[in-house]
Amino acid sequence: MSRSSPCSCDASDKRRVGQGTTSSITLTVLQGSTRSEAARPSRGDHPMRSHSIPQLHQTTRCLLFGTALLSVCPAMAQQATTDGWLGQPTMTGDWGGLRTELQNDGITLRAHWTTESAGNPSGGKYQTARYTQQFDLGADFDLDRLWGVPDAKIQFTLTDRSGRSLSADAIGNQFAVQELYGAGQNFRLAELNYQQDLLDHKVIIELGWSPLGDHFANLPAFCDFQNGVICGHANAMTVNSGAHNFPTAEWGARIEVRPTPGFYVATGIYQVNPNEGNADEGFNLSFKSTGAFIPVELGWMTGSGSGELPGNIKVGGYYNTSKAPDVLTDVNGLSAGLTDGSFEQHNGRSGGYVVANHMVYREGPDSACGLYFGAMAGVGDAATAKFRYFWMAGGHFQGTFPGRDDDVVAFMVAYARTNSRLTRYQEDRDSVTPGAVGIQTYESVAEIDYGARLTPWLVLRPNLQYVIHPGGTGKIPDAFVIGLYTQVTF
């Protein structure tokens, strides 16, 4: 598309890029709070350790997943011309009209293959490179078209992750430089839920198996980054709260009320299962729980008038009813670092956050191309949180060069401060047994990416990251990381 024509970049949050229903790749913009159906996952859990491949051998699982894809994707040889193939919204096309026919009947299929490679030429514990990947396969069922149930749908998604983590293996930092790593590195059910709009879309409910992070404390534009510190949902908040992000899900219910077009209030209740992200929990749909997670969020849409630049503000908080250990004191109220006693247990934990984003420059009326800024800040429970507070800020410019309306340059910085009470515990423990624990204070990261949409179904995103104070201790050299994100939409 020429620069003289209005920019037609998609406005989505890219959770299923991974955060509307579409089968093509979409690039994130900083507006709205809805998720795109195209396929990059909202940031999952990122345990900082290596995993052995559970149950099925990695190659076997990939072959099984590939077979599932092929069973619903006829050969690409049916495409008429090379130009047509490169210009179509998905790599496998319309399957001779079958895909469109299914969508008209109410069944929208989606599948993606996403990879993240990263290497640290300097810094960290030692220098190397690692690769991780995710396959996802799913469908949205429009129940109005299928069964005559107005404004209702069922959402279903499977994911398969494999690969290694550069952070866990070589750097030693807390926020993975490959956000796709985690959630058990296994084959799992990521979504199976029922969604219903009521009262002319003023009330939205969702019931079933869902990742909590898809809907609360969400800043979609930060899914433009490969580092796991943020993808819509802050990793520091996830660690503090006990909640999970895509593709790790839990049983729950959510309700969102929109009394006016520019305001909403949302809440929900979700089970709490600390083991949900383990390698052997991919299809464990039991109701076993240690408590309930209850989030509340208020949101205001800004710039909704004609010609105004869009944005939004969100304020929220959560309460997790599960028991959680104190980060400093033992059962007698003394420093567990000195006594080596059992930590005091608290009946619940809480936290809060604020999110803001805004478009500050737009190339033309109703265009998605331009400059966007966003920020998120949060505070954790003083007694139980690993990170007392955290923040991240950044943005992106969409439509980088003439003819590159869908390309994005994205940048961000993030900072997470270790709870001072946890730091004191570590200092006390170190005074008793020198070197037994690292003394953590903060970790920070900066990243810049160039997202090139080479075809509607292929995105390459080279990126540079700089990890400051890896692990929070100051004992590991700051790490410079070169990364590459790729995504194919089938």
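What to know about the overall build of the protein
Part 1: Looking only at helices and strands, one finds 8 helices and 18 strands in the protein.
Part 2: In the form shown here, the protein has an accessible surface area of approximately 18900 Å², with 62% of it arising from carbon and sulfur atoms.

Structural notes on the pairing of strand β9 (residues 263–272)
Part 1: Note that strand β8 (residues 250–260) and β9 share 7 bridges and pair antiparallel. Pairing of Thr-260 across the sheet is with Phe-263, part of β9.
Part 2: Hairpin connection, β8 to β9: the antiparallel pair is bridged by 2 residues.
Part 3: Relative to strand β10 (residues 291–302), β9 runs antiparallel, the two sharing 8 bridges. Following the sheet pairing, Val-272 is matched in β10 by Gly-291.

As for the pattern of salt bridges
Part 1: Here the structure, examined in full by the defined rule, presents 14 salt bridges.
Part 2: A salt bridge links Glu-256 to Arg-258, with the nearest nitrogen and oxygen atoms 2.6 Å apart. Neither residue differs from the other here; Glu-256 and Arg-258 are each classed as buried.
Part 3: With a shortest N-O distance of 3.6 Å, Asp-340 and Arg-429 are connected by a salt bridge. Separated by 89 residues along the polypeptide, Asp-340 in the loop between α7 (336–339) and β12 (343–362) and Arg-429 in helix α8 (residues 420–432) bring together distant segments of the chain.
Part 4: Using a relative accessible area of 14% as the deciding quantity, one classes Arg-429 as buried.

Quick look at the packing of aromatic side chains
Part 1: In the structure shown here, the tally under the stated rule is 15 aromatic pairs.
Part 2: Here the aromatic rings of Tyr-415 and Tyr-442 are separated by 5.4 Å at their centres, their planes lie at 20 degrees, and the arrangement is stacked. Taken together, the positions of Tyr-415 in strand β15 (residues 408–418) and Tyr-442 in strand β16 (residues 442–455) put the pair 27 residues apart, joining distant regions of the chain.
Part 3: By the ring-pair criterion, three or more aromatic residues cluster together here, those being Tyr-389, Trp-391, Tyr-415 and Tyr-442.
Part 4: Over the ring of Tyr-485 we find Arg-461, and its NZ or CZ is 3.9 Å from the ring centre.

Notes on the nonpolar core
Part 1: Membership of the largest hydrophobic core comes to 39 residues, with the highest contact counts inside it found for Val-229, Ile-230, Met-392 and Met-412.
Part 2: For this core, the elements supplying multiple residues, two or more each, are α5 (166–171), α6 (235–241), β9, β12, β14 (387–398), β15 and β18 (479–489).
Part 3: Top element by residues in this core is β15. It accounts for 5 residues.
Part 4: In this view, Met-392 contacts Phe-222, Val-229, Ile-230, Ala-234, Gly-374, Ala-375, Met-376, Val-413 and Ala-414; residues no more than four positions away in its chain are not counted.
Part 5: Met-91, Ala-111, Leu-137 and Trp-457 belong to the second-largest nonpolar core, a separate cluster that totals 6 residues.

What to know about unusual backbone geometry
Part 1: In the segment running from Phe-246 into Pro-247, the intervening peptide bond is cis, with an omega of 10 degrees.
Part 2: Here Pro-247 lies in the loop between α6 and β8.
Part 3: In this structure, Gln-185 takes a positive phi of about 50 degrees despite not being glycine.
Part 4: Relative accessible area serves as the criterion here: at 1%, Gln-185 is assigned to the buried category.

Some words on the environment of Ala-111
Part 1: If you trace the backbone, Ala-111 turns up in strand β1 (residues 107–122).
Part 2: Between the C-alpha atoms of Ala-111 and Thr-159, which are 48 residues apart in sequence, the distance is 9.5 Å.

Thoughts on α8
Part 1: Over its 13 residues, α8 extends 19 Å from the first C-alpha to the last, a length consistent with the 18 Å expected when each residue adds 1.5 Å.
Part 2: Those residues of α8 that sit buried are Leu-422, Thr-423, Tyr-425, Gln-426, Asp-428 and Arg-429.
Part 3: Buried positions along α8 lie against β11 (311–330), α7, β12 and β15.
Part 4: A side-chain oxygen of the first residue of α8 lies 3.0 Å from the backbone nitrogen of Arg-421; this N-cap is Asn-419.

Focus: the environment of His-112
Part 1: Structurally, the position occupied by His-112 is in strand β1.
Part 2: Distance in space between the C-alpha atoms of His-112 and Val-488 is 5.6 Å, their sequence separation being 376 residues.

Notes on the pairing of strand β4 (residues 187–198)
Part 1: Summarising the sheet, strand β3 (residues 152–163) and β4 pair through 9 bridges and their orientation is antiparallel. Within the sheet, the bridge partner assigned to Gln-155 lies in β4 and is Asn-193.
Part 2: Where β4 lies against strand β5 (residues 203–210), 7 bridges are found, and the strand directions are antiparallel. Its bridge partner lying in β5, Leu-198 is registered against Val-203.

Quick notes on a nonpolar patch on the surface
Part 1: A cluster of nonpolar residues, Val-360, Tyr-361, Phe-373, Phe-411, Ile-448, Leu-464 and Ile-482, forms a patch on the protein surface that exposes about 600 Å² of accessible area.
Part 2: Its location among the elements puts Ile-448 in strand β16.
Part 3: Residue classification places Ile-448 among the partly exposed positions, given a relative accessible area of 44%.

A look at the side chain of Glu-191
Part 1: Counting through the fold element by element, Glu-191 comes out in strand β4.
Part 2: A polar contact of 3.2 Å, which involves the side chain of Glu-191, links it to the side chain of Gln-155.

Some words on the environment of Ala-436
Part 1: As for its placement among the helices and strands, Ala-436 is situated in the loop between α8 and β16.
Part 2: We classify Ala-436 as partly exposed; its relative accessible area is 42%.
Part 3: For the pair Ala-436 and Gln-426, spaced 10 residues apart in sequence, the C-alpha separation works out to 8.7 Å.

With respect to the side chain of Thr-157
Part 1: Looking at the secondary structure, you find Thr-157 in strand β3.
Part 2: With relative accessibility at 0%, the residue Thr-157 sits in the buried group.
Part 3: Polar side-chain contacts of Thr-157 include one of 2.9 Å to the side chain of Arg-110.

Topic: the confidence of the model for the protein
Regions with low pLDDT should not have their predicted coordinates read in detail.
Part 1: Averaged over every residue, the pLDDT of the protein is 85; residues scoring 70 or more account for 82%.
Part 2: Low pLDDT, under 50, characterises residues 1–6; the predicted model gives this stretch 12 contacts beyond four residues in sequence or across chains.
Part 3: The low-confidence segment residues 8–82 (pLDDT under 50) makes 281 contacts with residues lying over four places distant or belonging to another chain.

Thresholds applied
- Residues numbered from 1 in each chain as written.
- Predicted model: local features only at pLDDT ≥ 70, side-chain atom pairs only at ≥ 80, totals over all residues.
- Heavy atoms only, no water.
- Helix = DSSP H or I, 4+ residues; strand = E, 2+ residues; numbered from the N terminus.
- Areas by Shrake-Rupley, 256 points an atom, 1.4 Å probe, with all protein chains shown as cover.
- Pairing = 2+ DSSP bridges.
- Salt bridge = Lys/Arg side-chain N within 4 Å of Asp/Glu carboxyl O.
- Buried < 20%, exposed > 50% of the residue type's maximum accessible area, 1.4 Å probe, protein only.
- Phe/Tyr/Trp six-rings, centres within 6.5 Å; stacked < 30°, edge-to-face > 60°.
- Lys NZ or Arg CZ within 6 Å of the ring centre and 35° of its normal.
- Core = buried A, V, L, I, M, F, W, Y, C linked by side-chain atoms within 4.5 Å.
- Contact = heavy atoms within 4.5 Å.
- Expected span 1.5 Å × (residues − 1).
- Polar contact = N/O pair within 3.5 Å; in protein donor to acceptor, adjacent residues only side chain to side chain.
- Patch = residues over 30% accessible without salt bridge, like charges linked within 9 Å, V, L, I, M, F, W, Y side chains within 5 Å.
- pLDDT = per-residue confidence, 0-100.

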